[in-house]
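# Reading the structure
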Amino acid sequence: MKKGFIFDLDGVIVDTAKYHYLAWKKLANELGFEFTQEQNELFKGVSRKRCLEILLAIGKIEATQEQFDTWMIEKNLDYLEFIKNMDESEILPDVPKVLEFLKERNIPIALGSASKNAQPILEKVGLLSYFDTIVDGNNVTKAKPDPEVFLLAAKQLGVDANNCVVFEDAVAGIKAANAAQMTSIGIGDKNVLNEAQFNFIDFTQISTDFIKNLI
Ligand code: B16
Ligand code: MG
């Protein structure tokens, strides 16, 4: 039985949430309201468009389509500026160890992210070559919790969905993995990610024996 492994990006491989937060906060402040780290939790795994809708609801701001489009672009330009100098030091602990372990065993690896900036981020941190395919916000029409992103990743890996394992840090991502009939592994707070089949605080807690059992 051929197995496949799918990794989310933000919160699993790198912590880009802090840069998304800075960019959204800058926009909120320009529009005249505060945006807190706590509110930023709602944005994890959520598409850029949906994030702006939530942000404007928080600020009680009504936007024309033109303003909405301008603010989407502005936020992304600021985000790109914040991530400009990202490098391998921003990879979350033990992620390369797990990728290497899978690679040595010829296990197909995919990225399954909501971000439209996924590929340049993987390049910046030097992990791009580990991935056999990348499915991100540029390739899907339905956002997580819809399983589209993971089903497409499985298809591109040539692996049956029920033989795929997904690492996710967002509730919507765990729901998407479960809806795709995949093995869902929550990375982060197990009380938040309580729908995941397995939970770990981060990759340092995942043993090679655990991965071997999944293969
Ligand atoms: P972009 P993930 C998600 O990444 C982030 O968690 C989420 O906060 C962000 O809004 C989304 O990507 C879109 O990102 O603006 O770069 O297209 O966790 O799915 O890897
Ligand atoms: Mg994530």
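These remarks concern the structure in this document. Model, not experiment: these values are computed from the prediction.

### Considerations on the coordination of the magnesium ion (ligand 2)
Coordination of the magnesium ion (ligand 2) by the protein comes from Asp8 (OD), Asp10 (O) and Asp169 (OD), over a distance range of 2.0 to 2.2 Å. For Asp8, a relative accessible area of 3% corresponds to the buried category.

### What about the sheet that holds strand β4 (residues 164–168)?
Spatially, the six strands line up as an open sheet ordered β3-β2-β1-β4-β5-β6, and their pairing is parallel. Only two strands of the sheet have a single neighbouring strand rather than two, namely β3 (133–135) and β6 (198–200). Going from strand to strand, the sheet's axes swing by 20° on average, the running direction of each strand aside. Sheet analysis places β4 next to strand β5 (residues 183–187), joined by four bridges and oriented parallel. In the sheet register, Glu168 faces β5, and the bridge partner there is Gly186.

### Overview of the packing of aromatic side chains
Enumeration over the complete set of coordinates arrives at ten aromatic pairs. Three or more aromatic residues joined by ring pairs form one cluster here, namely Phe5, Phe7, Phe131, Phe167 and Phe203. Positioned above the aromatic ring of Tyr79 is the side chain of Lys75, whose terminal nitrogen or guanidinium carbon lies 4.6 Å from the ring centre. The cationic tip of Arg105 hangs over the ring face of Phe101; the distance from NZ or CZ to the ring centre is 3.6 Å.

### Structural notes on the layout of surface pockets
Space inside the largest pocket adds up to approximately 540 Å³. For the largest pocket, the lining is made up of 32 residues, of which Val46, Ser47, Arg48, Ala114 and Ser115 are closest to its centre. For the lining of the largest pocket, the elements supplying multiple residues, two or more each, are α1 (17–30), α3 (48–58) and α4 (65–83). The element contributing the most residues to the lining of the largest pocket is α4, with four residues. Residues that form the lining of the largest pocket fall into these classes: twelve nonpolar, eleven polar and nine charged.

### A look at helix α7 (residues 148–157)
One turn of the α-helix equals 3.6 residues, which is why residues spaced by three or four share an orientation. Those residues of α7 lying buried are Val149, Phe150, Ala153, Ala154 and Leu157. Each buried residue of α7 lies within a common arc of 135° when the element is viewed along its axis, so the set occupies one face. Count one or two residues on from α7 and you reach Gly158, which has phi positive near 75°.

### Some thoughts on the environment of Tyr19
Considering the arrangement of structural elements, one finds Tyr19 in helix α1. The exposure class of Tyr19 is buried, given its relative accessible area of 13%. Discounting chain neighbours no more than four positions away, the residues touching Tyr19 are Tyr79, Phe82, Ile83, Met86 and Glu90.

Reading the values: rules and limits
Residues numbered from 1 in each chain as written. Chains lettered and ligands numbered in written order. Predicted model: local features only at pLDDT ≥ 70, side-chain atom pairs only at ≥ 80, totals over all residues. Heavy atoms only, no water. Donors = N, O, S within 2.8 Å, 3.2 Å for Na, K, Ca; no water. Buried < 20%, exposed > 50% of the residue type's maximum accessible area, 1.4 Å probe, protein only. Pairing = 2+ DSSP bridges. Helix = DSSP H or I, 4+ residues; strand = E, 2+ residues; numbered from the N terminus. Axes fitted to C-alpha atoms, helices over the stretch in contact; angles between N-to-C directions. Phe/Tyr/Trp six-rings, centres within 6.5 Å; stacked < 30°, edge-to-face > 60°. Lys NZ or Arg CZ within 6 Å of the ring centre and 35° of its normal. 1 Å grid on protein atoms, 1.4 Å probe; cavity = no way out; pocket = protein on both sides within 12 Å on 5 of 7 lines; lining within 4 Å. Points joined across faces, edges and corners; volume = space filled by probe spheres on them. Nonpolar A, V, L, I, M, F, W, Y, C, P; charged D, E, K, R; others polar. Arc of directions from axis to C-beta. Contact = heavy atoms within 4.5 Å.

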